[in-house]
Amino acid sequence: MKIKRKVEIAVISDVHLGTYGCHAKQLLTYLNSIDPKKLILNGDIVDIWQFKKRYFPKSHLSVIKKIMDFAANGTEVIYITGNHDEMLRKFTDTEIGNISIVNKLVLELDDKRAWFFHGDVFDISIQNAKWLAKLGGYGYDLLILINRFVNWWLDKIGKERYSLSKKIKNSVKGAVKYINDFEKVATDLAIENGYDYVICGHIHQPKMLSVGNKHGKTTYLNSGDWVENFTALEYQFKRWKVYNYNQDKLSAFYTDEDLKDMDFKELIAAITIVEQPKSKKNKDKNKDKDKLK
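Just so we're clear, the structure is a prediction, and the values are computed from it rather than from any experiment.

Engineer: When you look at the packing of aromatic side chains in this model, what are you seeing that I'm missing?
Structural biologist: For the coordinates displayed, the defined rule picks out ten aromatic pairs. Judged by centre distance (5.8 Å) and plane angle (25°), the ring pair of Tyr30 and Trp226 falls under stacked. Of this pair, Tyr30 sits in helix H1 (residues 24–31) while Trp226 sits in the loop between strand S10 (216–222) and strand S11 (231–236), and the two are 196 residues apart along the sequence. Here Tyr30 falls in the buried class, since its relative accessible area comes to 0%. Ring geometry for Phe230 and Tyr245: centres 6.1 Å apart, planes at 75°, overall edge-to-face.

Engineer: Help me understand the sheet that holds strand S2 (residues 34–42), please; the structure alone is not making it clear to me.
Structural biologist: Where strands meet in a sheet, backbone hydrogen bonds hold them as pairs that are either parallel or antiparallel. Pairing in this open sheet of seven strands is mixed, and the strands run S4-S5-S3-S2-S1-S11-S12 from one edge to the other. Two strands lie at the open edges of the sheet, namely strand S4 (95–96) and strand S12 (239–244), each paired on one side alone. Lying on the sheet, H1 is in contact with strand S1 (5–12), S2, S11 and S12; it crosses S1 at an angle near 145°. Each of S2, strand S3 (76–80) and strand S5 (99–102) touches helix H2 (residues 58–72); the most contacted strand, S2, lies at about 120° to it.

Engineer: In this structure, what is going on with the sheet that holds strand S8 (residues 197–200)? I would like to understand it.
Structural biologist: Spatially, the five strands line up as an open sheet ordered S6-S7-S8-S10-S9, and their pairing is mixed. Among the strands making up the open sheet, the edge pair consists of strand S6 (104–109) and strand S9 (207–213). Recorded for the sheet is a direction-independent mean angle of 20° between the axes of neighbouring strands. One ladder, built from three bridges, connects strand S7 (residues 112–117) with S8; its direction is parallel. Each residue of the ladder has a partner; that of Trp115, found in S8, is Val198.

Engineer: Sorry, what's going on with the pattern of salt bridges here?
Structural biologist: A side chain of one charge can pair with a side chain of the opposite charge if their charged atoms are brought near each other. Under the criterion given, the structure shown has nine salt bridges. Of the charged contacts, one joins Arg5 and Glu234 as a salt bridge, the two residues approaching to 2.7 Å between their closest N and O atoms. With a gap of 229 residues between them, Arg5 in strand S1 and Glu234 in strand S11 connect regions that are remote in the sequence. Exposure remark for Glu234: the relative accessible area of 4% places this residue in the buried category. Of the charged contacts, one joins Arg89 and Asp120 as a salt bridge, the two residues approaching to 3.1 Å between their closest N and O atoms. Taken together, the residues Arg89 in the loop between S3 and S4 and Asp120 in the loop between S7 and helix H3 (124–128) connect sequence positions 31 residues apart. Judged by relative accessible area, which is 29%, Arg89 ranks as partly exposed. One salt-bridge network, held together by shared partners, links Arg5, Glu234 and Lys241.

Engineer: Honestly, the side chain of His16 in this entry has me stumped. Any pointers?
Structural biologist: Relative to the elements of secondary structure, His16 occurs in the loop between S1 and H1. Dropping the residues within four chain positions of it, His16 is found in contact with Cys22, Asp44, Ile45, Asp47, His84, His204 and Val227.

Engineer: Sorry if this is basic, but what is going on with the nonpolar core here?
Structural biologist: In a soluble, globular protein the nonpolar side chains are often hidden away together inside. Ile12, Tyr30 and Trp226 are the most contacted members of the largest nonpolar core, which totals 29 residues. When residues of this core are traced back to their parent elements, those giving at least two are S1, H1, S2, H2 and S3. If we skip the residues at most four places from it in the chain, Ile12 touches Leu27, Tyr30, Ile40, Leu41, Asn42, Ile45, Ser223, Trp226 and Ala232. Residues Ile9, Ile80, Leu107 and Tyr197 belong to the second largest nonpolar core, which totals 17 residues.

Engineer: I keep staring at the packing of H1 against H2 and nothing clicks. Help me out?
Structural biologist: Relative orientation and spacing of two packed helices are given, respectively, by the angle between their axes and the distance between those axes. The contact between H1 and H2 brings their axes to 8 Å, and the two run at 25°. As far as their axial angle goes, H2 and H1 are roughly parallel. Seen along the crossing, H1 lies across H2 with a hand that is left-handed. Where H1 approaches H2, its residues Ala24, Lys25, Leu27, Leu28 and Leu31 are matched on the opposing element by Ser59, His60, Ser62, Val63, Lys66, Ile67 and Phe70. In the contact of H1 with H2, the residues fall into seven nonpolar, three polar and two charged.

Parameters and conventions
- In this convention, every chain numbers its residues from 1, walking through the sequence in written order.
- Under the rules for a predicted model, residues below a pLDDT of 70 receive no local features and side-chain atom pairs below 80 are neither given nor counted, while totals for whole chains, interfaces and linings still include all residues.
- Derived side-chain values reflect all non-hydrogen atoms in the structure, with water molecules and hydrogen atoms excluded from consideration.
- Only Phe, Tyr and Trp rings are paired, with Trp represented by its six-membered ring, and only when their centres lie within 6.5 Å; those with planes under 30 degrees apart are stacked, over 60 edge-to-face, the remainder tilted.
- Numbering of helices and strands runs from the N terminus; a helix is a DSSP stretch of H or I covering at least four residues, while a strand is a stretch of E covering at least two.
- Partly exposed residues are those whose accessible area sits between 20% and 50% of the maximum for their type, while under 20% is buried and over 50% is exposed, using a 1.4 Å probe and protein chains only.
- If DSSP finds at least two bridges between two strands, the strands pair.
- Any two residues whose heavy atoms approach within 4.5 Å at even a single point are treated as in contact.
- Here, axes are lines fitted to C-alpha atoms. For helices the fit covers the stretch in contact, and angles between N-to-C directions go from 0 to 180 degrees.
- What counts as a salt bridge is simple: a side-chain nitrogen of Lys or Arg found within 4 Å of a carboxyl oxygen of Asp or Glu.
- Definition used in this section: a nonpolar core is a set of buried Ala, Val, Leu, Ile, Met, Phe, Trp, Tyr and Cys residues joined via side-chain atoms within 4.5 Å.
- When an angle is under 35 degrees it counts as roughly parallel; over 145 it counts as roughly antiparallel; between 65 and 115 it counts as roughly perpendicular; any other value is oblique.
- Note: crossing handedness is left-handed where the near helix turns anticlockwise from the far helix by less than a right angle, and right-handed where it turns clockwise.
- Asp, Glu, Lys and Arg are counted as charged, while Ala, Val, Leu, Ile, Met, Phe, Trp, Tyr, Cys and Pro are counted as nonpolar; the rest, among them Gly, fall into the polar class.

In short, the description is geometric, and any link to function would need to be established separately.
Below, the structure written as structure tokens:
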């Protein structure tokens, strides 16, 4: 049995389960390699905007099951809502066992304050023209689907993989300016409010950057995504790092045996049964024992 890495906090965002661009198998491999105390899901985990009943494969269900298993085994799972899963905002401040749903989060980490939020609040296109933002989402999903075919062909002929969307983002001045503006607004607000860390998702650009101005300084972190970059954030030993799946060798953790053996219907059944955290189960057992004495 492989030993899993203990992580104090793991942060993932922009998974977009339910879309063709989502790389659920790679994410499942990563989740199976860690043992986090806290798992923070920083928005756009399930893509409700582009959700289609005809496309939600077993690997996507397995990710949901894995997250629920974390909660059942004592991991605190915090779901921060994003724009693609904004329907969940009506359940803000709901808690089910070790799972909670919030719009934003502030944590004290070793005498430092960390501010977590998805980041769509800064996106004027979403606030003022949601239909246009959704149309852009469909276009992005189509681009990723085309990119998958291109990379399949490149793999076949032994060439290096290529990211069409990254190339477009890096070559379009407007996209570069948007990312820079996003980071500046986030860090300025964090400094103004006295936060040592500001942790976002949304723009699919993994990064860790120390920023300062005349009012103070902060560290900006972005967890990236599981569509193109396959990245997460990890906090351990009082330090943050950007985890990159493409730079790790995790084939041994491809999937849990129980998930591998489950068929589609069994996964659905397992997800819809809400399990109590193990610690609570043990307390209940002890209560029953006391009653028998």
